[in-house]
Protein chains: 2
Amino acid sequence: MELPVATERGAADELARTLREAIQRLNRRVRQTRPVGDLTPGQLSALTSLQLAGALTPRELADVERVQPPTMTKIVGKLEERGLVIRTPHPTDGRQVILAPTEPGRAVYAQFEQLRNEWLADQLAALEPEDRAVLVRAAEILQQVARA
Amino acid sequence: MELPVATERGAADELARTLREAIQRLNRRVRQTRPVGDLTPGQLSALTSLQLAGALTPRELADVERVQPPTMTKIVGKLEERGLVIRTPHPTDGRQVILAPTEPGRAVYAQFEQLRNEWLADQLAALEPEDRAVLVRAAEILQQVARA
DNA sequence: CACGATTCTTAGCCTAGCTAATGAGCTTGG
DNA sequence: CCAAGCTCATTAGCTAGGCTAAGAATCGTG
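Residues numbered from 1 in each chain as written. Chains lettered and ligands numbered in written order. Predicted model: local features only at pLDDT ≥ 70, side-chain atom pairs only at ≥ 80, totals over all residues. Heavy atoms only, no water.

Asks: It is not clear to me how the protein's contact with DNA strand D should be interpreted in this structure. Could you clarify?
Replies: Residues in contact with DNA strand D amount to 24 residues; listed here are only the nearest, A:Thr40, A:Gln68, A:Lys74, A:Gly94 and B:Arg59. Protein-adjacent atoms of DNA strand D, using a 4 Å cutoff, are sugar or phosphate at a proportion of 63%. With respect to DNA strand D, the backbone of A:Gly94 contributes an N or O atom lying 2.6 Å from a phosphate oxygen. Elements supplying a minimum of two residues to the surface near DNA strand D: α4 (69-81) of chain A together with α3 (58-64) and α4 (69-81) of chain B. (Near = heavy atom within 4 Å. Polar contact = N/O pair within 3.5 Å; in protein donor to acceptor, adjacent residues only side chain to side chain. Helix = DSSP H or I, 4+ residues; strand = E, 2+ residues; numbered from the N terminus.)

Following this line, the structure appears as structure tokens:
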């Protein structure tokens, strides 16, 4: 009888190495597309999370961004200064605040999103259809893994 | 007659969106594994580049890390303080300096590498073999794209 | 209703990024 | 052959973004 656990583990280790390297490199390439309205990566990331969630409290946004609340206070402060985000009081809890992107904030996000996809989409368009099909399936699997 | 270019472009755009989202999330998860010898992400990244290249001048390392030379001076200074990197004079050009990881530097890199792979390998080991096979092929394609 | 918990912010510190400027050392054109 | 100009690394000084500690306001509960 074979040792499926052991061999699965070895395959997983090997795959983890190459996959992580590829992901890291890709991320660097994609992230170089930045200078949209002078926003820093941290500000863009926070704005993105806010855009995807619709509205969040500072605490929730800090959790999503894996950052401590005081750090998020600073970042949100910058975004608010630029009019990209608005703070409104929580309807029932006086301690809390609701953060939401403004209309300009949503526009900046959309512009950034498009720019950021451009390079990757160019690369993908140049692939063979079979390779793209593999990546379509892989993207689903990776989404699932990332959510775990 | 169909419009292969247009449809390929649409498929590539769609794929770019989901793939980038998955990659971004994965990268965040993987990057949370950090605290190896108190090194910050910037220090780890520089040490990794140095380890992969063997030896580089500060200028070269700054280029690889997509950072300005003064920034790299600071980071290398920290790594040198901890004995993870060594500066030696360039054999023929008195202006330049050669940076290389020390033995402890290589050890820290290896330890970090292993830690960083662990979480991802765990996730991958839990997948169905078919899914893992898809990712093996996808990793190759993504490596190729990242190098482009 | 008073006390503990939670939420956000402020204060103060460090790292990491930038540009501008400096000093040392190469390189080349007259 | 040497002076002018370039390149490399570093220093100085700024901003952003990360942290912990501590504070004020509010909530909730015993």
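From this point on, the discussion continues.
Asks: Would you explain the protein's contact with DNA strand C in this entry?
Replies: Near DNA strand C you find 24 residues, and of these A:Arg59, B:Thr40, B:Gln68, B:Lys74 and B:Gly94 are the closest. A breakdown of the atoms of DNA strand C within 4 Å of the protein gives sugar and phosphate a share of 65%. The side chain of B:Arg95 places a nitrogen or oxygen atom 3.3 Å from a base nitrogen of DNA strand C. If you list the elements that add at least two residues to the surface near DNA strand C, you get α3 (58-64) and α4 of chain A together with α4 of chain B. Ranked by residues supplied to the surface near DNA strand C, first place goes to α4(B) with 5 residues. Each residue belonging to the surface near DNA strand C can be placed in one class, and the counts come to 7 nonpolar, 9 polar and 8 charged. (Nonpolar A, V, L, I, M, F, W, Y, C, P; charged D, E, K, R; others polar.)

Asks: In this structure, what is going on with the interface of chain A and chain B? I would like to understand it.
Replies: You'll often see interface size given as the accessible area lost when the parts meet. At the junction of the two partners, chain A supplies 55 residues and chain B supplies 55 residues. Regarding the contact of chain A and chain B, the summed buried area is about 5,400 Å², with carbon and sulfur atoms giving 60% of it. It is A:Leu15, A:Arg20 and A:Val145 in chain A that bury the most area against chain B; as a group they hold 11% of the surface buried on that side. Counting across the chain A and chain B interface gives 2 salt bridges. In this structure, A:Asp131 engages B:Arg137 in a salt bridge whose closest nitrogen and oxygen atoms are separated by 3.0 Å. Applying the counting rule to chain A against chain B returns 4 residue pairs in polar contact (both at pLDDT 80 or more). If you list the elements that add at least two residues to the side of chain A that touches chain B, you get α1 (4-31), α2 (41-53), α5 (103-125) and α6 (129-147) of chain A. (Contact = heavy atoms within 4.5 Å. Buried area = accessible area lost by both parts, 1.4 Å probe. Salt bridge = Lys/Arg side-chain N within 4 Å of Asp/Glu carboxyl O.)

Asks: What's the story with the environment of B:Leu52 in this structure? I'm lost.
Replies: Residues and elements named next belong to chain B. Along the chain, leucine 52 turns up in helix α2 (residues 41-53). Judged by relative accessible area, which is 64%, leucine 52 ranks as exposed. Each C-alpha atom, one on leucine 52 and one on tyrosine 109, is 10.0 Å from the other, the two residues being 57 residues apart in sequence. (Buried < 20%, exposed > 50% of the residue type's maximum accessible area, 1.4 Å probe, protein only.)

Asks: Sorry, what's going on with the relation of the copies chain A and chain B here?
Replies: One copy of the chain maps onto the other through a rotation about an axis plus a displacement along that axis. Under the fitted operation, chain A is carried onto chain B by 0.2 Å of movement along the axis and a turn of 179°, and the coordinates agree to an RMSD of 0.3 Å. Interpreted geometrically, this transformation is the action of a two-fold axis. Both copies present the same face, since 100% of the interface residues in chain A are matched by interface residues at the equivalent positions in chain B. (Least-squares fit on C-alpha atoms with pLDDT ≥ 70 in both.)

Asks: What exactly am I supposed to notice about the nonpolar core here?
Replies: Soluble globular proteins tend to bury their nonpolar side chains together. Core analysis: the largest hydrophobic core is formed by 41 residues, its most contacted members being A:Leu124, A:Leu135, B:Leu124 and B:Leu135. Those elements that provide at least two residues to this core are α1, α5 and α6 of chain A together with α1 (4-31), α5 (103-125) and α6 (129-147) of chain B. Ranked by the residues each element gives to this core, the list is headed by α6(B), at 8 residues. Those residues in contact with B:Leu135 that sit more than four places away from it in its chain are A:Leu15, A:Leu19, A:Ala138, A:Ile141, A:Leu142, B:Leu124 and B:Leu127. (Core = buried A, V, L, I, M, F, W, Y, C linked by side-chain atoms within 4.5 Å.)

Asks: Got a minute to help me understand the packing of α6(A) against α6(B) in this structure?
Replies: The relative placement of two packed helices comes down to the angle between their axes together with the axis-to-axis distance. Between α6(A) and α6(B), the shortest axis-to-axis distance is 9 Å and the interhelical angle comes to 120°. Comparing the axis directions of α6(A) and α6(B) gives the class oblique. Taken as a pair, α6(A) and α6(B) cross one another with a handedness that is left-handed. Contacts between α6(A) and α6(B) pair A:Asp131, A:Val134, A:Leu135, A:Arg137, A:Ala138, A:Ile141 and A:Leu142 from the former with B:Asp131, B:Val134, B:Leu135, B:Arg137, B:Ala138, B:Ile141 and B:Leu142 from the latter. The residue makeup of the contact of α6(A) with α6(B), split by class, is 10 nonpolar, no polar and 4 charged. (Axes fitted to C-alpha atoms, helices over the stretch in contact; angles between N-to-C directions. Parallel < 35°, antiparallel > 145°, perpendicular 65-115°, else oblique. Left-handed = near helix turned anticlockwise from the far one by under 90°.)

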